[in-house]
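Chain by chain, the residues:
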Amino acid sequence: MNSPAGQTPEPPKPDWSPQSRSPLAPKVIAGAVVVAGLYYGRDILVPFALAALLGFVLDPMVGWLKRWRLPRFLAVAVVMLITVAVLGATSLFVGSQVVELSRQLPTYQTNIQTKLQGIRQSLTGRGVLDDASRMVDVVAKEFNAARRALDQPSGRKEPVVARVQLEPESRTAMQTLVDVISPALGPLGTAGMVMVFLVFILLERHDMRDRLLRLAGGNLHLSTDALGEAGHRVSRYLNMQLLVNLSYGLPMAAGLYLIGVPGALLWGLVAAMMRFVPYVGPVIATVFPLTMAFAVDLQWSMLWWTLGLVVTLELISNNLIEPWLYGASTGLSAVSIIVSAVFWTALWGPIGLILATPVTVCLAVMGRHIPQLRWLDILLGNEPVFDPATRTYQRLLAGDVEEAIEMATEQIRESSLVQFYSDTAVPVLKRATVDHAGVASVEHRHRVLVGMTAMIRDLVNEHASRGVGPAEVLAIGARWEVDALAADMLAHALSVERIAARSMPASSVSPENVHSLDLDGIRMVCLSYFSATPQAHIRYVVRRLLRRRPDLKIVVALWNATPALLQPGVEATLGVDAVAHSLAEVVLHTETLLHTTQEHEPEGQTAQAEVDEAQLTALASSGALESGARETFERAVQRVADIFDVPKALVLFANDSLHAWHREADQQTSTHEWSQQASVLCKQVLRQQETVVLHDLARDPRFSAETHLTVQAPRFFAGAPLRTKQGIVVGALGVMDMQPRELTPSEIHLLELLATETMTGMVADAARQPPSAAEPTTTASNPMLTGPSAAAASPTS
């Protein structure tokens, strides 16, 4: 793999001097001090952690009582009384059941002895082992007698050994009572400390949160997000665990009752409670009903039925209920859960096993939000530490082509082939070009090229071409091997999108071969470049191609281009029809230049008319056009503009009625242009009936040709659908910006939530006021502009 001179600057070499290394000893000492503090302070920390855990469960009850206008201290008192009453009733029930079963156990002694004798007889095999055992005992006795006779002198009798017996010291009744009570004092003291801590946690929840935020210092936004996410994840985990345990304990009790095992309700309760203890709890819980089934029934049927019930419930709970309810509620990897269980059990004993997952969740969330603790999220979290492109690149560097292909197949299954090529495969090649002159060795370059070639070949065999007829598009790797690989991916992606295409290597546009290049049937040529400065070579190739075919469309894919080469208008300086920097963008340009969508226009128009008719009907019956709902949409557009910090926000309905907010400082566009821009962009949401995010409209060929989007046009648009209760999309809530932007998944989710809240508020506002005439259906003549710039944006002002 060669690269042009000056393609990418050589990356700076890492500084491994002793001065550049961060001191490790202080970190190790600090970690040892923390672990020692956790161990020696467990008498205080364990009750506090248990109280905090119960606080996550009980605080929603306190909040519910506060909504009934109870003071917080009274709500906490009611919750604590209910908690103590439930714990006391459960303890009394368990105690009474244990006493009753202890009374019945002597009656099952005969059954137990009979079964044990049967087991022993079946294992001994007709007494053969018994005879052998007796023979060994006789031989051993004779051998010991002979040894004693040899050791003693003749005529001397063996001395008689006196037996000494120790009489226990008599104890008073008070000392006996202390001996009985003292083992229970430790758990009772811990329980008392937990209750005291719990009361103060419930009473001072907000004050404790403020103190934690103040103690954390730094960025208040990050600390608030960390505490909020930790609380949400721990609460969700505990609630889901409670549901999982109940879904296990109730069927266990019912099944044991039908089988006839004594104390079925007790064993169901024990099973539900013991599942709070990971790993060992479920095993311990199954011992009791199996033991009772073994002791009660003289036959073996009850034991087998009980064992079948336990196995069935475990399979259903572990494979169906837990994955369904838990999902990714903890955000921890499987290995970190196991390691944390061992670590906290070693520090805090059995209670540490119960607290392991919640405490580790809090640590992982802190690492996700606090930069200094980022290593915690890397060690404990379940999110990949590398993006898909970096993971694929690492597999290729290691020569693990099979795993790289498997990862590619999984990504394509979740998205599409075009998206995989655009978001993963091309960035892998970009990373390879950056590392080419730096850290990459000859062996690394060889592995990447061979691995990418094998991956593309496998994907071509897996995803067959759907292009019909001779090739219309020719993808050419302009200079280097990586260019040719990207051209192969582009040709394959286009063929899967029903555009007949083929690829050629870089030698096809060399000075010797460019004049003989086969262009029969070719309507468009795509040149692939990973070079950062390809201008001279592009002009050279383009001139010679156009000299042969003046009607040829040419698209240049600049994978490593500088920002200057991606600005609007660079096409004229290069003499090409379009410039793209991603494979998905090349596909859009190809579809636009070749007009491949025209063949399906009549069918698409018919389907669109049906959708529009259904949307208009749902819009008319939703109440969104009533005057009582106008205030809701006017508030919504300004609120979403403030939240996303954009100059323009809007609500557009299927009948083209518009609610918009236009920042006063951004008045370059007239009302007519503003309405047309809003209509064109929001119609994408109405047609696709899902959230649409367009990061850079100037680079999207679907909109770059629109005349009303070329003068002071927006560069960014994001819109979420407005749905009725029946799920029909009747409008869109959108935001626009004059600069390209990116939205994170959480920000997209927030926009969708705001759209849902807008429709909910509209229904409530419309219900409070009498119906009125519907709004005008054309935005060009009467757009409803609200906000500080309504008057300034009006044509008559």
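Look above for the structure.
Residues numbered from 1 in each chain as written. Predicted model: local features only at pLDDT ≥ 70, side-chain atom pairs only at ≥ 80, totals over all residues. Heavy atoms only, no water.

Q: Outline the overall build of the protein, listing residues and values.
A: Within the protein one finds 28 helices and 11 strands. When each of the 797 residues of the protein is scored for burial, the buried share is 40%. Across the protein, the fraction of contacts at a sequence separation of at least 24, relative to all contacts at a separation of at least 6, is 72%. Carbon and sulfur atoms make up 62% of the accessible area of the protein, which amounts to about 44300 Å² in all. (Helix = DSSP H or I, 4+ residues; strand = E, 2+ residues; numbered from the N terminus. Buried < 20%, exposed > 50% of the residue type's maximum accessible area, 1.4 Å probe, protein only. Contact = heavy atoms within 4.5 Å. Areas by Shrake-Rupley, 256 points an atom, 1.4 Å probe, with all protein chains shown as cover.)

Q: Lay out the pairing of strand S7 (residues 658-662) in plain terms, naming residues and giving numbers.
A: Buried residues dominate S7, accounting for five of its five residues. Covered by surrounding structure in S7 are Leu 658, Ala 660 and His 662 together with His 659 and Trp 661, the residues of both alternating faces. In the sheet, strand S6 (residues 648-653) pairs with S7 via five bridges, with the strands oriented antiparallel. What sits directly across from Val 651, in S7, is His 659. (Pairing = 2+ DSSP bridges.)

Q: Can you explain the sheet that holds strand S1 (residues 473-477)? Please cite residues and give values.
A: Strand order in this open sheet of five strands is S2-S1-S3-S4-S5, and the pairing throughout is parallel. Each of the sheet's edge strands pairs with one partner strand only, and the pair in question is strand S2 (501-504) and strand S5 (578-580). Across this sheet, the average inter-strand angle for adjacent strands is 20 degrees, counted without regard to direction. Inspection of the sheet shows S1 paired to strand S3 (residues 524-529) by five bridges, in the parallel sense. Paired with Ala 475 across the bridge in S3 is Cys 526. Strand contacts of helix H19 (residues 481-496): S1, S2 and S3, with the helix running at about 160 degrees to S1, the strand carrying the most contacts. Against the sheet, helix H22 (residues 583-594) touches S1, S3, strand S4 (553-558) and S5, its axis set at about 160 degrees to S5. (Axes fitted to C-alpha atoms, helices over the stretch in contact; angles between N-to-C directions.)

Q: Describe the pairing of S3, naming the residues involved and giving the relevant values.
A: Most of S3 sits out of view: six of its six residues are buried. Here S3 shows a buried face lined by Met 524, Cys 526 and Ser 528 and a second buried face lined by Val 525, Leu 527 and Tyr 529. Sheet topology note: the S3/S4 ladder contains six bridges and is parallel. In the sheet register, Met 524 faces S4, and the bridge partner there is Lys 553. After leaving S3, the chain enters helix H20 (residues 535-548) and then returns to the sheet as S4, a path that is right-handed. (Right-handed = clockwise from strand over helix to strand, strands pointing away.)

Q: Go over the nonpolar core, please, and point to the residues and values.
A: If you look at the biggest cluster of nonpolar residues, it comprises 49 residues, and the most contacted ones within it are Tyr 421, Met 452, Met 489 and Leu 583. Considering every element that reaches this core, the biggest residue donor is H19, with 10 residues. In this structure, Met 489 is in contact with Tyr 421, Ala 425, Val 426, Leu 429, Met 452, Ile 456 and Leu 583, ignoring residues within four places of it in sequence. The next biggest cluster of nonpolar side chains, apart from the first, holds 36 residues, and it includes Leu 38, Ala 49, Val 79 and Ala 364. (Core = buried A, V, L, I, M, F, W, Y, C linked by side-chain atoms within 4.5 Å.)

Q: Could you give an account of helix H18 (residues 442-462), naming the residues involved and the relevant values?
A: Between its terminal C-alpha atoms H18 stretches 30 Å, which fits the 30 Å expected from 21 residues at 1.5 Å a residue. Among the residues of H18, those classed as buried are Val 448, Leu 449, Gly 451, Met 452, Met 455, Ile 456 and Leu 459. (Expected span 1.5 Å × (residues − 1).)

Q: Lay out the pattern of salt bridges in plain terms, naming residues and giving numbers.
A: Side chains that differ in charge, positive against negative, can pair when their charged atoms come close. Taken as a whole, this structure holds 17 salt bridges when the rule is applied. The partner of Arg 205 in a salt bridge is Asp 59, and the shortest N-O contact between them spans 3.2 Å. Of this pair, Arg 205 sits in helix H7 (residues 205-216) while Asp 59 sits in helix H2 (residues 42-66), and the two are 146 residues apart along the sequence. Its relative accessible area of 36% is what places Arg 205 among the partly exposed residues. (Salt bridge = Lys/Arg side-chain N within 4 Å of Asp/Glu carboxyl O.)

Q: How would you summarise the environment of Ser 465 if you had to cite specific residues and measurements?
A: Position of Ser 465 among the secondary structure elements: in the loop between H18 and S1. Ser 465 sits 28 residues away from Ala 493 along the chain, and the two C-alpha atoms are 8.6 Å apart.

Q: I'd like a description of the environment of Gly 260, backed by residues and values.
A: Summarising the element assignment, Gly 260 is placed in the loop between helix H8 (220-259) and helix H9 (264-274). Given a relative accessible area of 37%, Gly 260 falls into the partly exposed group. Counting along the chain gives 37 residues from Gly 260 to Asp 297, while the straight-line C-alpha distance between them is 9.4 Å.

Q: Give a description of helix H3 (residues 72-104) that names residues and reports values.
A: The first and last C-alpha atoms of H3 sit 48 Å apart over 33 residues, in line with the 48 Å expected at 1.5 Å per residue. The complete set of buried residues in H3 reads Arg 72, Ala 75, Val 76, Val 79, Met 80, Thr 83 and Leu 101.

Q: Describe in detail the packing of helix H16 (residues 401-414) against helix H17 (residues 417-436), supporting the description with residues and values.
A: Axis separation between H16 and H17 bottoms out at 8 Å; the angle between their running directions is 125 degrees. With respect to their mutual orientation, H16 and H17 come out oblique. Note on packing geometry: the crossing formed by H16 with H17 is right-handed. Where H16 abuts H17, its residues Ala 408, Gln 411 and Ile 412 lie against Leu 417, Phe 420 and Thr 424. The residue makeup of the contact of H16 with H17, split by class, is four nonpolar, two polar and no charged. (Parallel < 35°, antiparallel > 145°, perpendicular 65-115°, else oblique. Left-handed = near helix turned anticlockwise from the far one by under 90°. Nonpolar A, V, L, I, M, F, W, Y, C, P; charged D, E, K, R; others polar.)

Q: Requested: an account of the packing of H17 against H19, with residues and values cited.
A: Running from N to C, H17 and H19 cross one another at 180 degrees; their axes reach a closest spacing of 11 Å. Here H19 runs roughly antiparallel to H17, going by the angle between their axes. Residues Leu 417, Val 418, Tyr 421, Ala 425, Val 426, Leu 429 and Thr 433 of H17 lie in contact with H19, whose contacting residues are Val 482, Leu 485, Ala 486, Met 489, His 492, Ala 493 and Val 496. When the residues that make up the contact of H17 with H19 are grouped by side-chain class, the tally is 12 nonpolar, two polar and no charged.

Q: With reference to specific residues and values, describe the layout of surface pockets.
A: The computed volume of the second largest pocket comes to approximately 1900 Å³. As for the second largest pocket, its lining consists of 44 residues, and the residues nearest its centre are Leu 54, Leu 87, Thr 90, Met 273 and Phe 276. Those elements that place two or more of their residues in the lining of the second largest pocket are H2, H3, helix H6 (173-203), H8, H9 and helix H13 (350-369). Looking at which element gives the most residues to the lining of the second largest pocket, the answer is H3, with 10 residues. Residues of the lining of the second largest pocket, tallied by class, amount to 34 nonpolar, 10 polar and no charged. (1 Å grid on protein atoms, 1.4 Å probe; cavity = no way out; pocket = protein on both sides within 12 Å on 5 of 7 lines; lining within 4 Å. Points joined across faces, edges and corners; volume = space filled by probe spheres on them.)

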